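# Topology and contacts: notes
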Amino acid sequence: MPTPGFGPLYTFCSFQRRGKRISDEPIEVESLSPKYESKEKQHSQGPWYMASGYLLFWLLLFLSVVVPLFYRLPTALTIEDVPSGLFIAERAQSSLYELDKIGPKVVGSDGNENKTVQFLLKELQLIQENLLDEYFDMEIDLQIVSGSYIHWTMVNMYQGVQNIVIKLSPKNSSSDSYLLVNSHFDSKPTSPSAGDAGQMIVTMLEVLRVMSSTQQSFEHPIVFLLNGAEENPLQASHGFVTQHKWAANCKVVINLDSAGGGGREILFQSGPNHPWLVKYYKDSAQHPFATTMAEEIFQTRLLPSDTDFTIFTKHSKLIGLDIAQCINGYTYHTKYDRFDVIPRTSIQNTGDNVLSLVRALSNATELHDTEAHAAGHAIFFDVLGLYFISYSQLTGVILNYVVAVATISLIFVSLWRTAKVSSVSSGHVVCWFVLILVLQFIGLLLGLGLPVLVAFLFDKYGLSLSYFATPPLMIGLYVCPSLLGLSLPSFIYLKLQRSQKISFAHQLQMVLHSHALVLAILAIALTAYGLRSTYVITWTLIFYAIPLAINLLTTLHDRGFAWTAVLKLFQIVPFLCNSYLIYTFLIVLTPMMGRFGRKLNPDLIICTLNALGSILAMGFLIPLINVFRRPSMILLLLLTATAVSILTASSTQLGFPYRSKTNVQRVPYLQVRRVFYEYDGSVSKDDSGYLFNFQDRRGPATLRDTKVNLAGLTSIESDCAEYMMCGVPLYDHRWVKNRLTGMWLPRDTPIEMPWLPTLELLNRTELEDGQTVRLEFRAEVTDHTSLFIKPYEDVSVINWTFPHDYIGQQSTSHIYFSHGKDNTALSFFMDLEKLDGDFNVPLCQLGISHHFIGHAGDELSQQFAESFPPYAALIQWPSSYQRFIY
């Protein structure tokens with residue numbers, strides 16, 4: 001019987017004869033009975049049990065090549081066994097140990113503003129003592145800076161944050177173009193920050209030590225910026241680039257950050273529009289690890305991360321390279337980001353690369369006039385960490401189109417060749433190819449759709465993130481369904497189709513051709529759209545087109561399954577490269593899914609990545625199971641693996657997402673005391689509770705059956721409709737963004753604050769125009785304070801202390817304020833315009849929240865914190881909120 005749903009096309013193709021139309025001869029229906037299966041096919045197909053060995057080969061290749069190369073790190077050097085001029089990981093690790101012992105380094109805390117700064121200045125003094133002063137000059141400047149700018153949906157205001165800035169210059173240097181190297185030493189609350197970004201700070205210290213104590217030549221002065229307020233976010237880098245005396249001379253930046261720690265660092269942003277920077281990375285980096293795809297994904301802002309690189313490129317003319325640690329993101333921003341999770345070999349890897357880059361870029365002639373070398377984006381990627389490939393975007397566009405067109409041409413040559421050797425018309429072959437193409441498109445949809453279906457159902461029943469602590473579950477949950485869906489339509493077609501005219505081997509070739517044709521068309525479309533990551537498809541096609549050309553030239557194309565040997569040999573390269581690429585993203589992104597928020601299902605991202613990896617790595621390989629007898633056994637194996645994984649993930653402890661220390665659930669919450677003052681000064685609300693901002697999809701569900709008492713926990717969404725900014729002390733722009741998913745647990749006993757800062761209205765002055773009143777305030781502040789300002793409907797803010805461009809951007813203005821060394825009270829004014837000139841009525845609401853980061857809270861709050869399970873990483877502190885009406 002014909003393939004279901006394609007009867008007309010099937011009939012048309014079945015009755016094509018070489019050189020004749022259907023109407024030329026009587027119609028003879030071909031039987032599709034198994035008795036027509038050719039003896040050639042029966043004898044040439046491999047034994048059925050070899051099919052499982054075929055799949056096992058590719059799995060073992062992944063485990064024995066991709067995984068070891070991904071985690072490969074260089075041997076760490078020690079002080080005793082190397083000459084001068086090399087990066088010594090042992091020395092950097094010793095500095096990291098001391099830095100880690102300080103503990104959390106939150107802006108405004110003693111740990112950040114005093115202990116860490118003093119430690120770093122002491123280290124710099126030791127470096128300066130060993131300076132080769134006959135060759136170099138070294139200046140150290142401690143910058144204490146204040147300022148403000150608009151960051152996302154808020155005003156980001158800082159006061160007295162600190163930067164330690166070091167300039168290393170060659171003697172008698174005449175260059176006024178500097179190379180900037182930046183990282184940060186501050187941390188998130190609770191985190192000792194060994195990975196983010198202590199590892200990068202000690203790397204910079206060691207690079208500075210080597211550069212300043214080794215006889216060598218470099219042309220451009222090097223500025224090392226150890227910035228003390230990146231987590232706030234991005235304040236100290238803004239203070240440097242807008243106010244420091246050396247900032248205007250800095251032309252290129254190497255920005256070092258972390259979203260994990262203990263592995264290799266990845267180059268994930270470059271330029272912008274300066275591909276020559278990537279060339280320097282290619283020529284200099286000893287252990288390359290980079291991909292354009294990471295750059296494009298990061299710049300979508302879908303990920304919950306940002307770096308100082310944004311500030312440098314947005315608020316100055318700086319260009320550069322953005323490099324970050326990215327492995328083991330489970331400890332990122334938690335109390336487990338400690339010295340013991342950063343191996344010395346990881347520090348050596350980062351140090352080798354940064355030292356080489358600094359040496360190369362400090363001699364780059366392009367620094368004299370960077371604008372003259374702007375030449376569009378670059379396409380770049382490493383090959384298994386062994387080799388680095390880069391080229392311009394224009395070259396990439398040309399390559400994409402040429403490869404796609406060449407592949408399509410080879411496909412049609414192959415179809416013509418098939419028609420010739422099969423003694424049928426080209427139209428006959430094309431008809432069957434169109435049918436196969438439709439089926440292959442369905443296979444691609446199933447390859448993507450089945451993993452998405454699994455992710456959707458798991459989320460629907462509250463089982464998202466089941467792979468979080470047990471990543472191998474992804475193979476059964478997503479990879480096996482993807483391979484099953486990808487191979488099923490072609491399996492059905494090859495099982496049912498019994499054409500005597502076209503050999504089984506040629507029909508299998510056409511299945512692969514259809515996959516290549518879909519990829520080629522996709523490559524053309526994505527290139528036209530401007531997506532640089534299309535290079536992944538292009539290089540996948542290259543390693544299909546080459547063996548196809550070889551098979552056509554050598555006539556292996558027409559010798560049964562002989563062509564599969566050449567194909568499989570060439571497919572080793574895209575299999576390794578594509579599985580390596582997707583494995584990279586899975587390692588980087590899986591920990592991020594634990595802080596991706598509650599609104600979106602993170603499993604959709606992870607399942608899509610697995611599906612794309614399966615299609616790109618196995619798209620030309622999985623149909624070859626039909627070379628063996630009884631390929632249905634492989635489909636059954638894939639189905640069984642999927643079923644077992646679903647059962648395991650949904651009903652055993654392996655599917656529970658969290659583990660103590662290694663795969664923790666982040667639980668940020670505030671111990672809140674809030675008081676609402678009305679226009680006449682009376683108090684309309686005075687209550688206490690715990691404000692939760694769960695960062696993972698499951699939220700409080702994983703805590704329900706533990707000792708922690710969450711009875712009464714409720715959504716604040718209704719409060720958000722009633723009160724300005726939900727009537728709670730939202731911490732920063734991310735808390736504001738996720739406020740509708742916030743949850744409130746009321747507490748009967750008032751929460752005790754360490755102290756209660758005051759907000760004082762100093763003056764209320766009606767201006768001469770009769771329509772404007774000026775309100776002047778003085779607010780006592782903690783190191784992290786937020787103001788929320790919302791005028792009533794007939795009132796407008798027309799001027800104030802804060803950036804003028806922010807006026808009117810948000811219905812409720814958010815002023816995020818933090819201080820470092822300088823804890824002076826915040827004085828500010830705002831001019832309110834009311835056209836009728838009646839100022840004896842409520843004009844605006846003003847909310848002020850004070851955050852006491854680092855304080856454990858009162859006794860009841862401490863008892864509450866101790867009741868959480870060990871897999872919960874708490875990030876919490878007392879916070880007061882006062883709402884006034886003026």
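Each remark here, short or long, concerns the structure printed above.
Broken down by element type, the chain carries 22 helices and 21 strands. Taken against the 2.2 N^0.38 rule, which gives 29 Å for 886 residues, the C-alpha radius of gyration of the chain at 32 Å falls within 12% of a compact globule. With respect to the principal axes defined by its C-alpha atoms, the chain has extents near 100 × 70 × 55 Å. Classification of the 886 residues of the chain by burial places 59% in the buried group. Long-range contacts, defined here as pairs at least 24 residues apart, represent 81% of the contacts in the chain between residues at least 6 apart. Summed over all atoms, the accessible surface of the chain reaches about 34,000 Å², with 58% contributed by carbon and sulfur. Side-chain charges in the chain split into 64 positive and 75 negative, and the spacing between the mean points of these groups amounts to 14 Å.

Attention now goes to the environment of Val165. As for its position among the elements, Val165 is in strand S2 (residues 154–170). Taking the C-alpha atoms as reference points, Val165 and Asn182, separated by 17 residues in sequence, lie 9.4 Å from one another. Excluding residues that lie within four positions of it along the chain, Val165 makes contacts with Glu139, Ile140, Asp141, Val223, Phe224, Leu225, Phe240, His244 and Trp246.

Glancing now at helix H3 (residues 49–70). Given 3.6 residues per helical turn, the α-helix brings residues three or four places apart onto the same face. Along its 22 residues, H3 runs 32 Å from first to last C-alpha, staying within 8% of the 32 Å computed at 1.5 Å per residue. Where H3 bends most, the angle comes to about 25°, and this point is Phe62. Within H3 the residues assigned to the buried category are Ala51, Tyr54, Leu55, Trp58, Leu61, Phe62, Val66, Val67, Leu69 and Phe70. On its buried face, H3 is in contact with helix H17 (563–592), helix H18 (603–618) and helix H19 (632–651).

The next point concerns helix H5 (residues 110–129). A rise of 1.5 Å per residue sets the reference length of H5, with its 20 residues, at 28 Å; its end C-alpha atoms lie 27 Å apart and thus fit the reference within 8%. Along its length, H5 shows its largest kink, about 30°, at Thr116. Regarding H5, the residues found buried are Gly111, Asn112, Glu113, Thr116, Val117, Phe119, Leu120, Glu123, Leu124 and Ile127. Along its buried surface, H5 packs onto helix H4 (89–101), strand S1 (136–151), S2, helix H6 (194–213) and strand S4 (222–227).

Note that the residue after Asp196, namely Ala197, is joined by a cis bond; omega there is 0°. Its location among the elements puts Ala197 in helix H6. The omega torsion of the bond from Gly271 to Pro272 falls at 0°, within 30 degrees of zero and hence cis. Relative to the elements of secondary structure, Pro272 occurs in the loop between strand S6 (265–271) and helix H8 (276–284). With phi around 60°, Ser193 is a residue other than glycine that occupies positive phi space. Relative to the helices and strands, Ser193 resides in the loop between strand S3 (178–184) and H6. For Ser193, a relative accessible area of 4% translates into the label buried. Not every positive phi belongs to a glycine, and Asn328 is a case in point at roughly 60°. The topology assignment puts Asn328 in the loop between strand S7 (319–325) and helix H11 (344–361). Looking at Asn328, the relative accessible area reads 25%, which means it is partly exposed.

This next bit is on the packing of aromatic side chains. Under the counting rule described, the total for this entry stands at 48 aromatic pairs. Pairing Phe777 with Tyr886 gives two aromatic rings, centres 5.1 Å apart and planes at 70°, and the pair type is edge-to-face. In this pair, Phe777 sits in strand S15 (residues 772–779) while Tyr886 sits in the segment after strand S21 (872–885), placing the two residues 109 residues apart along the sequence. Considered together, Phe777 and Tyr886 belong to a single accessibility category, that of buried residues. With a centroid separation of 6.0 Å and 25° between ring planes, the pair formed by Phe884 and Tyr886 is classed as stacked.

The element strand S18 (residues 813–819) is extensively covered by neighbouring structure, given that seven of its seven residues are classed as buried. Bridge count between S2 and S18: five bridges; the pairing is parallel. Residue pairing for S18: Asn156 is matched across the bridge by Tyr816. Across six bridges, the pairing between strand S16 (residues 784–791) and S18 is antiparallel. If you follow Ile789 over to S18, its bridge partner there is Ser813.

A word on the environment of Tyr97. Tracing the backbone shows Tyr97 in helix H4. In this structure the C-alpha to C-alpha distance between Tyr97 and Ile807, which are 710 residues apart in sequence, comes to 46 Å.

Let's shift gears to the nonpolar core. With 137 residues, the main nonpolar core has Tyr478, Phe575, Tyr669, Phe692, Phe864 and Phe868 as its most contacted residues. Among the elements that make up this core, the one with the highest residue count is H17 (14 residues). In contact with Tyr669, other than residues within four places in its own chain, are Tyr690, Leu691, Phe692, Trp735, Phe864, Ala865, Phe868, Leu874, Ile875, Gln876 and Trp877. Residues Ala76, Met200, Leu205 and Val358 belong to the second largest nonpolar core, which totals 62 residues.

To continue, consider the pairing of strand S19 (residues 826–833). Examined bridge by bridge, S15 and S19 share eight bridges and lie antiparallel to one another. Its bridge partner being in S19, Leu775 is matched across the sheet by Met830. Bridging between strand S17 (residues 796–800) and S19 involves four bridges; their strand directions are antiparallel. Opposite Trp800, over in S19, you have Met830 as the bridge partner.

Conventions we followed
Positions within a chain are numbered from 1, following the residues in the order the chain's sequence is written. With the structure being a predicted model, the display of local features is reserved for residues of pLDDT at least 70 and the display and counting of side-chain atom pairs for 80 or more, all residues being used for whole-chain, interface and lining totals. In computing side-chain values, all of the structure's heavy atoms are included and hydrogens and water are not. Each helix is a run of H or I in the DSSP string that is no shorter than four residues. Each strand is a run of E no shorter than two, and both are numbered from the N terminus. Throughout, the radius of gyration refers to the C-alpha atoms, and the reference size of a globule is 2.2 Å times the residue count to the power 0.38. Whether a residue is buried, partly exposed or exposed follows from its accessible area with a 1.4 Å probe, protein chains only, as a fraction of its type maximum: under 20%, in between, or over 50%, in that order. Residues are treated as being in contact if the distance between any of their heavy atoms lies within 4.5 Å. For the area figures, the Shrake-Rupley method with a 1.4 Å probe applies, and any residue is considered shielded solely by the protein chains shown. Positive: Lys, Arg. Negative: Asp, Glu. His and the chain ends are not part of the count. A charge is said to be at NZ when it belongs to Lys, at CZ for Arg, at CG for Asp and at CD for Glu. A helix is expected to reach a length of 1.5 Å times the quantity of its residues less one. Here the bend at each residue means the angle between axes fitted to two seven-residue stretches, the one ending at that residue and the one beginning there. Planes of paired rings set the category: under 30 degrees apart is stacked, over 60 is edge-to-face and the rest tilted, where pairs are Phe, Tyr or Trp rings (Trp by its six-membered ring) whose centres lie within 6.5 Å. In short, DSSP must find at least two bridges between two strands for them to pair. Definition of nonpolar core: a set of buried residues of the types Ala, Val, Leu, Ile, Met, Phe, Trp, Tyr and Cys, connected through side-chain atoms within 4.5 Å.

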